Amino acid sequence: MTAPTELNAWKALQNHKSAIESTDLRALFQQDNTRHDKFSLEAAGLHIDFSRHRATQDTFQRLLDLAREANLEAGIQAMFNGEPINNTERRPALHVALRNRSDAAIKVDGKDVMPTVRDTLKRMRSFVKAVHRGDFKGHTGKKLRTIVNIGIGGSFLGPKVVSDALRPYWQDGYDLRYVANIDGTDITTACRDLDPETTLFVVCSKSFGTLETLKNAEAARAWFLQQGGKQKDVKHHFVAVSTNIRAATEFGIDENNIYPMWDWVGGRYSLWSAIGLPQAIVLGMDTFEQLLDGAHAMDEHFRTAKLGENLPVVMGLLGIWYQNFWGAESQAVLVYDESLKEFPAHLQQMDMESNGKRVTRDGDPVNWQTGAVVWGGTGTNGQHAYHQLLHQGTRLIPADFIMPLRSQNPVADHHAWLFANFLGQQQAMLEGKTEDEVLAELLTQGMDEKQARALAPHKVIPGNQPHTAITFDLLTPEVLGALIALYEHKVYVQGHIWGINSFDQWGVELGKVLGNAIHDVLHKGDLKPYDDSTAALIRRYRNSQ
Ligand SMILES: O=P(O)(O)OC[C@H]1O[C@](O)(CO)[C@@H](O)[C@@H]1O
C-alpha cells in the first residue's frame, strides 16, 4: 500500500497547515458569520457542528481529497460487503450485519449471515419474554429479577453504556449489575445483597477463555452453591453468550441457553449481538431493537452519504487533521449527559484497541501517528477537574462536546444550566480572553495597575481550542444507537486512511501470557529468569502471604 504520507493530498495538507497555522478561530468566525450553516451536518437524529475547528472551506476540501486518494469509499463498501478487512485474522468486521434492519443480504464467504443474525434476535426475544413471564425461572420457582453481566472489555464497556444511558426504559422490578475486573472486590460488591433464588448470571465472553470472565463466573457459581444452590440448579441461573459452546457447556450451562457470537464480530463492536442479552432483559426486546434501528440509520448514512456530508467521515478526517498535522496527541470526549457517563470508557476501548497500531496492514512500521489517546468524562464535573488544562494548559486537545437538548430527567432548571455550561465552555475554548481584556476588567474592578499587570497573565485564556458540538433532541434508544455507530465508523475511517487494521488487537496478548507465567511462580519457583525488579516484587508478594 502507499503510505498516507506519500499521498499528494497529505503533502498538500502539510503545506496548507503551514499557510493557515496563524489563523485563529476567533478570526475565522469574524471573517465568516455563516460558519455554523456551512460546517454543520445532520443524520440519524444527530446534529454535528464542525464549525469550531481550525479549518476553512479549503481545509475541508483538502481533507476530503485525502479521503478520496486513500480510496475511503472503496474501504466503506468493503466493510459492508463483508470483505476480510480484518486481514491478520482473515475475517470481515461485520457489526453492521447485527443491526441490518433491511432485507439486504450480507455475505461472508458467499453465505448470507442475515438468517442467523435474525434467528439469534428471535431467540433473544423469546428468552427475554420467558424471563419476564417467569417461564424461565430460578430453581425454587421464583422469577429472575437481578441480572449479573459477567464479562470484560467489549463484553462489558459497550453494554454498560447501553443500560446506563437507557435507564428510563428499564422494565419495572429489574436490576442489572456488572462484574468485569478480576479484583475480588468487583464480584464481592456485585454479590452483596443478592438473592440467589432470583439472580441470573449471564456469562458474556466471545471466547469463553478470558481469564477475568472465567474466574468471575467460577466465583459466581461458587457463591451460588454456597448459598444453597445445587450443581443441577446452575443451569437455571447461568446462561452464556459465546462462540465457544464446548467451554460454556463444560462450565455447566445448558446448550440451549448459550447464545451465539461470530468470528466476524469484534469484542468491542459486539454490544449489538447477543452480548446485549442482559441489557435486552432489563430494557425489553423492543427497546433493544430500537437501539439497533438507530445504529442501522447511521450505517445507512455512512454507506450512502457523499464523503463531504458524511458524519463519521468528516469526524475522522478532523481527527487526522489534528493528530497528524498539528501534533495533537489526545482527543477529549466531554459528555454533558450523566446518562452517558460510561461512554468515554467505551470509546477508549473502541478507539484505542482498534487504532493503537504501529504497523500497516502489510506489516510495515508506520512513520506517522495512529490512534489518539482518548479520554473524557461528564460535564460539568470535568469543568471542576481537567478543564483548567484544556483552557490554559500547553497542549492542543481537540474535544467533542456531546449533549441532548432535552433531559431524560428534568429537574427544576437544571437542564438549562447544563446547556448554558455546555455552550459557555465551548465559547471559552473558542474565544478565550486576551491580556488587554483581562487588564481592562481588573482595572474596572478597582485593582491598582501594578497588581493588575502582575495578575493579568495568569488570567489570560488563549482560546482557539478546536472542538465539535454533537447535539440531539433526547437520548432515546435510536439516538444512542446512532451515536455509538457514529464513533465506530469514525474509528474505521481513520484506520483506513492510516493504512492499519482496526479490527485486531495483538497488543493485548503478551501481557496476558506473561501474567500467566508469573502466576505459576508467584508462590514458589525459580525467580532467576526474571529481571531484578520483577523478582523483588514477587518476593515482596510472597513475604506478605
Ligand atoms: O469476549 P471475550 O472473548 O471474553 O473478550 C473480552 C475482551 O478481550 C479482548 O479480546 C482484549 O482486551 C477484547 O477485544 C474483548 O472485548
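Residues numbered from 1 in each chain as written. Predicted model: local features only at pLDDT ≥ 70, side-chain atom pairs only at ≥ 80, totals over all residues. Heavy atoms only, no water.

Draft legend 1. How the structure looks around the overall build of the protein. Looking only at helices and strands, one finds 23 helices and 13 strands in the protein. Relative to the compact-globule value of 24 Å for 545 residues, the protein shows a C-alpha radius of gyration of 26 Å, a close match. Dimensions of the protein, computed from C-alpha atoms along their principal axes, come out at roughly 80 × 60 × 60 Å. With 545 residues in all, the protein has 54% of them scored as buried. With an accessible surface of roughly 24,200 Å², the protein has 49% of that area assigned to carbon and sulfur atoms. Computing the positive centroid from 56 side-chain charges and the negative centroid from 65, the protein places the two 5 Å apart. (Helix = DSSP H or I, 4+ residues; strand = E, 2+ residues; numbered from the N terminus. Rg over C-alpha atoms; globule rule 2.2 N^0.38 Å. Buried < 20%, exposed > 50% of the residue type's maximum accessible area, 1.4 Å probe, protein only. Areas by Shrake-Rupley, 256 points an atom, 1.4 Å probe, with all protein chains shown as cover. Lys, Arg positive; Asp, Glu negative; His and termini not counted. Charge placed at Lys NZ, Arg CZ, Asp CG, Glu CD.)

Draft legend 2. Geometry of the domain arrangement of the protein. As assigned here, the protein comprises domain 1 (4–69 + 305–431 + 465–504), domain 2 (107–290) and domain 3 (507–544). On a C-alpha basis, the centres of domain 2 and domain 3 stand 33 Å from each other. (Domains from an automatic or database assignment.)

Draft legend 3. Seen up close, the sheet that holds strand 12 (residues 399–404). Pairing is mixed across the open sheet formed by 6 strands, whose spatial order is 1-2-13-12-10-11. Strands with a single pairing partner mark the edges of an open sheet, and in this sheet they are strand 1 (40–43) and strand 11 (373–378). With direction set aside, neighbouring strand axes in the sheet form an average angle of 15°. Where helix 15 (residues 311–325) meets the sheet, it contacts strand 1, strand 2 (46–49), strand 10 (330–335), strand 12 and strand 13 (467–472), and its direction lies at approximately 140° from that of strand 1. In the packing of helix 16 (residues 343–355) onto the sheet, the strands contacted are strand 10, strand 11 and strand 12, and the crossing angle to strand 11 comes to about 170°. (Pairing = 2+ DSSP bridges. Axes fitted to C-alpha atoms, helices over the stretch in contact; angles between N-to-C directions. Contact = heavy atoms within 4.5 Å.)

Draft legend 4. Molecular detail of the packing of aromatic side chains. If you walk through the whole model with that rule in mind, you get 22 aromatic pairs. Relative to Trp 264, the ring of Trp 262 lies with its centre 4.9 Å away and its plane at 5°, an arrangement referred to as stacked. Its relative accessible area of 9% is what places Trp 264 among the buried residues. Here the aromatic residues Phe 201, Phe 208, Trp 223, Phe 224, Phe 238 and Phe 251 are joined through ring pairs into a cluster of three or more. One Lys or Arg, Lys 17, reaches over the ring of Trp 326 and ends 4.7 Å from the middle of that ring. (Phe/Tyr/Trp six-rings, centres within 6.5 Å; stacked < 30°, edge-to-face > 60°. Lys NZ or Arg CZ within 6 Å of the ring centre and 35° of its normal.)

Draft legend 5. Spotlight on the site of the ligand. Around the ligand, the surrounding shell holds 13 residues, and the nearest of these are Gly 154, Ser 205, Ser 207, Thr 210 and Glu 353. With respect to the ligand, the side chain of Ser 155 contributes an N or O atom lying 2.9 Å from an oxygen atom. The separation between an oxygen atom of the ligand and a polar main-chain atom of Lys 206 is 2.8 Å. Out of a free accessible area of 400 Å², the ligand has 86% covered by protein chains. Along the lines of polarity and charge, the residues of the shell around the ligand split into 2 nonpolar, 8 polar and 3 charged. (Near = heavy atom within 4 Å. Polar contact = N/O pair within 3.5 Å; in protein donor to acceptor, adjacent residues only side chain to side chain. Nonpolar A, V, L, I, M, F, W, Y, C, P; charged D, E, K, R; others polar.)

Draft legend 6. Local environment of the packing of helix 7 (residues 114–133) against helix 14 (residues 285–304). Where helix 7 meets helix 14, the closest approach of the two axes is 10 Å, and the angle between their N-to-C directions is 150°. Relative to helix 14, helix 7 is oriented roughly antiparallel. Residues Leu 121, Met 124, Arg 125 and Val 128 of helix 7 form the contact with helix 14, whose participating residues are Met 285, Asp 286, Phe 288, Glu 289 and Leu 292. A per-class count over the contact of helix 7 with helix 14 returns 6 nonpolar, no polar and 3 charged. (Parallel < 35°, antiparallel > 145°, perpendicular 65-115°, else oblique.)

Draft legend 7. View of helix 4 (residues 57–69). Compared with an ideal rise of 1.5 Å per residue, which puts 13 residues at 18 Å, helix 4 spans 18 Å between its outermost C-alpha atoms and is within 8% of the ideal. Buried positions along helix 4 lie against helix 1 (8–20), helix 5 (72–80), helix 15 and helix 21 (477–498). Just downstream of helix 4, Asn 71 is the residue with a positive phi angle, here 60°. (Expected span 1.5 Å × (residues − 1).)

Draft legend 8. Focus on the UniProt feature "active site" (unreviewed entry) in the protein. The residues that UniProt annotates with the feature "active site" (unreviewed entry) are Glu 353, His 384 and Lys 512. A maximum C-alpha distance of 36.5 Å is found for the annotated residues, which run over 160 residues; spatially they are spread out rather than grouped. Among the structural elements, Glu 353 can be located in helix 16. Once you skip the residues sitting within four places of it in the chain, Glu 353 turns out to touch Arg 268, Gln 348, Asp 504, Gln 505 and Val 508. A distance of 2.8 Å separates a polar atom in the side chain of Glu 353 from a polar atom in the side chain of Arg 268. Mapped onto the fold, Lys 512 is located in helix 22 (residues 509–521). Here Lys 512 falls in the partly exposed class, since its relative accessible area comes to 46%. (UniProt positions renumbered as here; feature names shortened; annotations may be inferred.)

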